[in-house]
Each structure stands twice: as C-alpha cells, then as structure tokens.
Amino acid sequence: MIGQGDSAPVMTITASDGGVTKLGAPGQPLVLYFYPKDDTSGCTREAQDFTALAPEFAKAGARIVGVSRDPMKKHDKFIAKYDLAVPLASDEDGTISDAFGTWIQKSMYGRKYMGMERATFLIGKDGRVVREWRKVKVPGHAEEVLAAVRGLA
C-alpha cells in the first residue's frame, strides 16, 4: 500500500483524453482519484466537482485523472452523459488499484465483497505522494484537494 511520502509506482496510465502519465515521474503535480463505479450518485458528484474546478487545477499546474475498474467504453459514456472535463483511466486488471491499496474488502448489509475505496493521492512532479485521502466523503473534497495543490507552490 502506498502512502504519504512514498514514491508512486513506476507505471504508465493512459486516460480517456489520450494523455499518458508516468505515475513515478509525472512532471507536474498529479491528482489521482480512485472511485468505485461510473454513473453512480457519489461517483458522479465527485467527477462533477473535479470538473467544475478543473480550470483552477490547471491554473495551479496540476493534472487530474480519475480511476475505476470500469472499462474505457463505460468511461466514455459517463464522460459524455455528464459533460465531464476530467480524464478517466480504466484499471480493469487492477494493477493501479492494487499498487495503491485501494481495492479493499467492503461490507454492505452483512455481505462482504471486494470493491474500490474512494481515495485520492496528490503526487508531486518528482513522483512522491505528497498527500493522501482515504475513505473520502465527496462534499467539499475537490476543494480540499485544490487547496493542497495550491499549497505546493
């Protein structure tokens, strides 16, 4: 499990906008947020919040990428349906979420299952995790992450 102060894994992700990011050396601050599933209420709200603040993140020199285990085809529909400005990456094989420790055991109505933890990582341009947020609550989260990005300057 990767945490604050650790180096991000040496892997490359390709997002829905065609952008390729090297997690271990992104070259600019990177907000990597993990979310459970496209087109669900909390995940939609989170993507919309990051979209609304995308110009501010860009002004601060940061890139945002959302990650779930949904396939790219589903991401494309999700982006189109809600006019999202935040690129999404597919982690169908679980490589990224396993590296960050965000694929966890969950419980609902007494049933245990594996699922994506809602978590966000702020990775510095040098590839080190500057800040992590686990068990994220969506309201106000994008603003809190933006404040942390602005604090890097």
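Everything below is about the structure shown above.
What counts and what doesn't
- Residues numbered from 1 in each chain as written.
- Predicted model: local features only at pLDDT ≥ 70, side-chain atom pairs only at ≥ 80, totals over all residues.
- Heavy atoms only, no water.
- Helix = DSSP H or I, 4+ residues; strand = E, 2+ residues; numbered from the N terminus.
- Buried < 20%, exposed > 50% of the residue type's maximum accessible area, 1.4 Å probe, protein only.
- Lys, Arg positive; Asp, Glu negative; His and termini not counted.
- Salt bridge = Lys/Arg side-chain N within 4 Å of Asp/Glu carboxyl O.
- Contact = heavy atoms within 4.5 Å.
- Pairing = 2+ DSSP bridges.
- Axes fitted to C-alpha atoms, helices over the stretch in contact; angles between N-to-C directions.
- Core = buried A, V, L, I, M, F, W, Y, C linked by side-chain atoms within 4.5 Å.
- Arc of directions from axis to C-beta.
- Phe/Tyr/Trp six-rings, centres within 6.5 Å; stacked < 30°, edge-to-face > 60°.
- Lys NZ or Arg CZ within 6 Å of the ring centre and 35° of its normal.

Draft legend 1. Region of interest: the side chain of Asp38. Mapped onto the elements, Asp38 comes out in the loop between β3 (30–34) and α1 (41–59). It is Lys74 that comes nearest to the buried, bridge-free Asp38 among opposite-charge side chains, at 5.6 Å. Setting aside residues no more than four positions away along its own chain, Asp38 makes contact with Ser68, Asp70, Lys74, His75, Phe78 and Leu88.

Draft legend 2. Broad picture of the sheet that holds β3. Spatially, five strands are ordered β5-β4-β3-β8-β9 in an open sheet, and the strand pairing comes out mixed. Two strands in the sheet have a free side with no partner beyond their single neighbour: β5 (88–90) and β9 (129–133). Strand-to-strand, the axes of this sheet are offset by a mean angle of 20 degrees, without reference to chain direction. Sheet analysis places β3 next to strand β8 (residues 119–123), joined by five bridges and oriented antiparallel.

Draft legend 3. Expanded view of the nonpolar core. Val31, Tyr33, Phe50, Phe57, Ile64, Val145 and Val149 are the most contacted members of the largest nonpolar core, which totals 23 residues. Breaking this core down by element, the ones donating at least two residues are β3, α1, α2 (72–82) and α4 (141–150). The next biggest cluster of nonpolar side chains, apart from the first, holds 19 residues, and it includes Leu30, Ile96, Phe100 and Val129.

Draft legend 4. Geometry of the side chain of Thr51. As for its placement among the helices and strands, Thr51 is situated in helix α1. Note on Thr51: relative accessible area 16%, which makes it buried. Leaving out residues up to four positions away in the same chain, Thr51 has contacts with Asp83, Leu84, Ala85 and Val86.

Draft legend 5. Spotlight on α4. For α4, every residue scored as buried is listed here: His141, Ala142, Val145, Leu146, Ala148 and Val149. For α4, the angular spread of the buried residues around the axis is 160 degrees, confining them to a single face. Against the buried residues of α4 lie β3, α1, β8 and β9.

Draft legend 6. Fine view of the packing of aromatic side chains. All told, the structure shown has eight aromatic pairs when counted by the stated rule. Between Phe34 and Phe100 the ring centres are 5.4 Å apart and the planes differ by 45 degrees, which places this aromatic pair in the tilted class. Taken together, the residues span a long stretch of sequence, with Phe34 in strand β3 and Phe100 in helix α3 (residues 95–100) at a distance of 66 residues. Each member of the pair Phe34 and Phe100 is classed as buried. Ring geometry for Phe78 against Tyr82: centres 5.6 Å apart, planes inclined by 75 degrees, an arrangement best described as edge-to-face. With Phe78 and Tyr82 both in helix α2, this residue pair falls four residues apart, about one helical turn. The lysine or arginine in question, Arg69, covers the ring of Trp103, its NZ or CZ lying 3.6 Å from the ring centre.

The values reported here are purely geometric and, on their own, carry no functional implication.
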